[in-house]
Amino acid sequence: MLTPRRAKYRKQFRNKRRGLALRGNSISFGTIGLKSQGVGWVSARQIEAARRAMTHYTKRGGRIWIRIFPDKPVTKKPAETRMGSGKGDVDHYVAVVKPGAILFEMGSVEEKIAREAMRLAAHKLPVKTKIISR
């Protein structure tokens, strides 16, 4: 699973999730991509599930590029804990996704196979997506 090696600060604010993706909004590596149409947090587990779905469908053929990285820590307090006594411990990491961001790219594989692999991967993600080609 993807996690940052080091972080300057252990815990982060949630921040506002608005606006369009200014960077990472065009296909750079492959020929077909999965583009986000909504705002949300994509967890490291969801990225891995989507990657596995694509790899499984293509029978390890072609190339896959993951264009997002979960670098935002999400904290969680233990169950049945009283309010107060500070912020909880880091539970998992998420990638902040904005509309227009390219999530995955594929290359060196037939377009029909790539489209179906992307469709399967899209079902694993919490944001609405669109399959685009170069």
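Residues numbered from 1 in each chain as written. Predicted model: local features only at pLDDT ≥ 70, side-chain atom pairs only at ≥ 80, totals over all residues. Heavy atoms only, no water.

Engineer: Is there a simple way to explain helix α2 (residues 111–122) in this structure?
Structural biologist: Note that an α-helix has 3.6 residues per turn; residues three or four places apart therefore point the same way. Taking 1.5 Å per residue as the helical rise, α2 with its 12 residues ought to reach 16 Å, and the 16 Å between its terminal C-alpha atoms agrees with that figure. Of the residues making up α2, those classed as buried are A114, A117, M118, A121 and A122. Projected down its long axis, α2 carries its buried residues within an arc of 140°, all on one side. Buried residues along α2 sit in contact with β1 (32–36), α1 (44–57), β6 (102–107) and β7 (129–133). (Helix = DSSP H or I, 4+ residues; strand = E, 2+ residues; numbered from the N terminus. Expected span 1.5 Å × (residues − 1). Buried < 20%, exposed > 50% of the residue type's maximum accessible area, 1.4 Å probe, protein only. Arc of directions from axis to C-beta. Contact = heavy atoms within 4.5 Å.)

Engineer: Sorry, what's going on with the pairing of strand β4 (residues 72–76) here?
Structural biologist: Counting buried positions over the 5 residues of β4 gives 4, a clear majority of the element. The sheet contact formed by β4 and strand β5 (residues 89–97) spans 5 bridges and is antiparallel. Note that in β5 the partner of T75 across the bridge is V90. (Pairing = 2+ DSSP bridges.)

Engineer: I would appreciate a short explanation of the sheet that holds β5 in the present structure.
Structural biologist: The strands that make up a sheet pair up through hydrogen bonds in the backbone, lying either parallel or antiparallel. Judged by pairing direction, the sheet is antiparallel, and its 3 strands sit side by side in the order β2-β5-β4 without closing on themselves. Both edges of this open sheet fall to β2 (40–43) and β4, since each of them pairs with a single strand only. Each strand of the sheet is rotated relative to its neighbour by a mean of 50°, with strand direction disregarded. As defined by bridge partners, β2 adjoins β5 across 4 bridges and the pair is classed as antiparallel. Note on β5: the bridge partner recorded for W41 is V96. The strands touched by α1 are β2 and β5; relative to β2, the strand with the most contacts, the crossing angle is about 65°. (Axes fitted to C-alpha atoms, helices over the stretch in contact; angles between N-to-C directions.)

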